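# Observations on the model geometry
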Amino acid sequence: MSTMAVPDVAVAPVDEGFWTRNRKVGLMLLALGLLAAAFFGALATDQQARFTLSDDAAGAALEINGTIGAILFGIIAIAAGAALLAGVPKRWFVPVLGVGLIAFVLSFLCWQVSAAPTGQNFMPLVNIIRGTFILALPLIFGALAGVLCERSGVVNVAIEGQLLMGAFSGALFGSISGNVWVGLVAAAIGGALISLLLAVFAIRYLVDQVVIGIVLNLLAVGVTGFLYERLMQTDAAKYNSAPRFGNWEIPLLRDIPVLGPALFRGNIFLYLGLLLVLVIHVALFRTRWGLRTRSVGEHPTAADTLGVKVLRVRYRNVLLAGVVAGIGGASYTLALYSFTKNMIGGKGFIALAALIFGRWNPTGALLAALFFGFADQLATYLGAINSVIPSQFLAMLPYLATILAVAGLVGRVRAPAADGKPYIKG
């Protein structure tokens, strides 16, 4: 079989009147722009806000007067909001919204950087970008695991457990063997084991997929915590001292200003994460496997009548998701830290939010994960310059944005039609 059509479901158009979603978003962006121009502009100082093109204060930098920058970028956000409110063509909605949001963030940064203590009124862009990707890595792998599962019709709430089991397995077997590659393979298998349990209970025994996902998360916390206390805590040198992947520099690309030092002098997990986004995106929308996966997630009965083995596709993709998430967990213990109890700390649920925010699309999930990573990195930076903004408040913003996205204020967010629905072959 070379082609297969996925039935379209007719949806009656909804008359939203004048206040369409685009105009509501435009009004919100307009309000944010006014806030930026008036409030941030008033609080900013006349010091130069320096955005250095390195990972410290040295070298070339982009400079702008703090007050002027805050007001100028606020005005740009106002203009973008006004354009959306006036009604731009649909194809221009995302670019205009993006420009407006970036302008709002830049206005905020002009205030913060210019108001920093003398000697600290600079933002090292290389350090910020590098930190954003490092903090986003487990979210990228976790969100991709969610894409593989939920595009197949299986809700994956167990991302947290898959990441945790991957981190633990990588640390344990990497330490015992003294080989970082053994640790990486063990991490993939550890994540796949959690996925195997998810697949068996959700697909074979038709257990509620959200409930079994939560149970598996608790199982992973319990098992890894018990073994950590019995093995790693008593003999860390033997069981919790895994070798680490070093940074790999890519010739030529590493010399690109700003992006080169930030992205092309990284470890294997950075390159693998970006490569997986590309591979899964192409495979999902350009290959037979992707067509079958999407059909199983949208209309499994129709896919079955056309010869697709629905349960086989679901089993395979859920196991593959576990491998991906397990590798994501290893990005902690084989690149950054030693293993500690419950070290994932809710990142699996943030990855699930990134999946929804990214509309079950690998590229969208990547951008959402980077958004979360940037917020975390920005909170760290603001703490370093003694900002008056509490870091806890900044950490809250990505979740607020996710709520707004899920609520449909920036467009309809619809999961695959068969997501979470068990399939019983007739």
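Heads up: these notes are all about the structure in this document.

Basis of the calculations
Residues numbered from 1 in each chain as written. Predicted model: local features only at pLDDT ≥ 70, side-chain atom pairs only at ≥ 80, totals over all residues. Heavy atoms only, no water. Helix = DSSP H or I, 4+ residues; strand = E, 2+ residues; numbered from the N terminus. Rg over C-alpha atoms; globule rule 2.2 N^0.38 Å. Buried < 20%, exposed > 50% of the residue type's maximum accessible area, 1.4 Å probe, protein only. Contact = heavy atoms within 4.5 Å. Core = buried A, V, L, I, M, F, W, Y, C linked by side-chain atoms within 4.5 Å. Pairing = 2+ DSSP bridges. Axes fitted to C-alpha atoms, helices over the stretch in contact; angles between N-to-C directions. Parallel < 35°, antiparallel > 145°, perpendicular 65-115°, else oblique. Left-handed = near helix turned anticlockwise from the far one by under 90°. Nonpolar A, V, L, I, M, F, W, Y, C, P; charged D, E, K, R; others polar. Patch = residues over 30% accessible without salt bridge, like charges linked within 9 Å, V, L, I, M, F, W, Y side chains within 5 Å. Areas by Shrake-Rupley, 256 points an atom, 1.4 Å probe, with all protein chains shown as cover. Salt bridge = Lys/Arg side-chain N within 4 Å of Asp/Glu carboxyl O. Polar contact = N/O pair within 3.5 Å; in protein donor to acceptor, adjacent residues only side chain to side chain. Phe/Tyr/Trp six-rings, centres within 6.5 Å; stacked < 30°, edge-to-face > 60°. Lys NZ or Arg CZ within 6 Å of the ring centre and 35° of its normal.

### Re the overall build of the protein chain
Each helix and strand counted, the protein chain has 16 helices and 5 strands in total. Whereas a compact globule of 426 residues would reach a radius of gyration of roughly 22 Å, the protein chain reaches 23 Å, a difference of no more than 12%. Considering only C-alpha atoms, the protein chain reaches an extent of 65 × 65 × 40 Å along its principal axes. The burial tally for the protein chain puts 50% of its 426 residues in the buried class. In the protein chain, the proportion of contacts linking residues at least 24 apart, taken out of those at least 6 apart, comes to 77%.

### Section: the nonpolar core
Ranked by size, the top nonpolar core spans 104 residues in total, and within it Met-123, Phe-269 and Phe-339 carry the most contacts. Examining the composition of this core, we find that 15 residues originate from one element, helix α4 (residues 125–150), more than from any other. In contact with Phe-269, other than residues within four places in its own chain, are Leu-137, Phe-141, Leu-184, Phe-245, Ile-327, Ala-330, Ser-331, Leu-334 and Ala-335. Counting residues in each nonpolar core, the second largest holds 7 residues, with Val-25, Leu-29, Leu-84 and Phe-93 among its members.

### Some thoughts on the sheet that holds strand β3 (residues 122–124)
Taken in spatial order, the 3 strands of this open sheet run β2-β1-β3, and their pairing is mixed. The open sheet terminates on both sides in strands that have one partner only, identified here as β2 (61–65) and β3. Sheet twist, expressed as the average angle between the axes of neighbouring strands with direction ignored, equals 15 degrees. Two elements, strand β1 (residues 48–52) and β2, share 5 bridges in a ladder whose sense is antiparallel.

### Quick notes on the packing of helix α5 (residues 159–177) against helix α14 (residues 347–357)
At a minimum axis separation of 7 Å, α5 and α14 run at an interaxial angle of 130 degrees. What the angle tells us is that α5 and α14 run oblique. For the pair α5 and α14, the sense of crossing is right-handed. Seen from α5, the contacting residues are Ile-159, Glu-160 and Leu-163; seen from α14, they are Lys-347, Gly-348, Phe-349, Ala-351 and Leu-352. When the residues that make up the contact of α5 with α14 are grouped by side-chain class, the tally is 5 nonpolar, 1 polar and 2 charged.

### Structural notes on unusual backbone geometry
Of note, the phi angle at Arg-359 is positive, near 60 degrees, even though the residue is not glycine. In this fold, Arg-359 is placed in the loop between α14 and α15 (362–384). A residue is classified by how much of its surface remains accessible, and Arg-359, at 39% relative accessible area, is partly exposed. Although it is not a glycine, Trp-360 sits at a positive phi angle of roughly 60 degrees. Turning to its location among the elements, Trp-360 is positioned in the loop between α14 and α15.

### As for a nonpolar patch on the surface
A cluster of nonpolar side chains, contributed by Leu-197, Phe-201, Tyr-205, Val-207, Leu-219 and Val-223, occupies part of the molecular surface with about 470 Å² of accessible area. Broken down by secondary-structure element, the contributors of at least two residues to the nonpolar patch are α6 (180–204) and α7 (209–232). Inspection of the secondary structure puts Val-207 in the loop between α6 and α7.

### Some points on the side chain of Ser-169
Here Ser-169 is to be found in helix α5. At a separation of 2.8 Å, a polar atom in the side chain of Ser-169 contacts the main-chain carbonyl oxygen of Met-165. Beyond its immediate chain neighbours, meaning those up to four positions away, Ser-169 contacts Gly-174, Gly-183, Ala-186, Ala-187 and Gly-190.

### Looking at the packing of aromatic side chains
Aromatic rings considered in pairs are described by the distance between their centres and by the relative angle of their planes. Under the counting rule described, the total for this entry stands at 15 aromatic pairs. Note on Phe-168 and Phe-339: the rings are 5.3 Å apart at their centroids and 70 degrees apart in plane angle, and the pair reads as edge-to-face. Here the residue Phe-168 occupies a position in helix α5, and Phe-339 occupies one in the loop between α13 (310–333) and α14, the gap between them amounting to 171 residues. On the basis of relative accessibility, which here comes to 1%, the residue Phe-339 falls in the buried class. Positioned above the aromatic ring of Tyr-205, the side-chain terminus of Arg-204 is 5.0 Å from the ring centre.

### Examining the packing of helix α11 (residues 288–298) against α13
As a packed pair, α11 and α13 sit with axes 10 Å apart at the nearest point and diverge in direction by 105 degrees. Looking at the two axes, α11 sits roughly perpendicular to α13. Of the residues in α13, those touching α11 at Trp-289, Thr-293 and Val-296 are Val-310, Val-313, Arg-314, Arg-316 and Asn-317. For the contact of α11 with α13, a count of residues per class yields 4 nonpolar, 2 polar and 2 charged.

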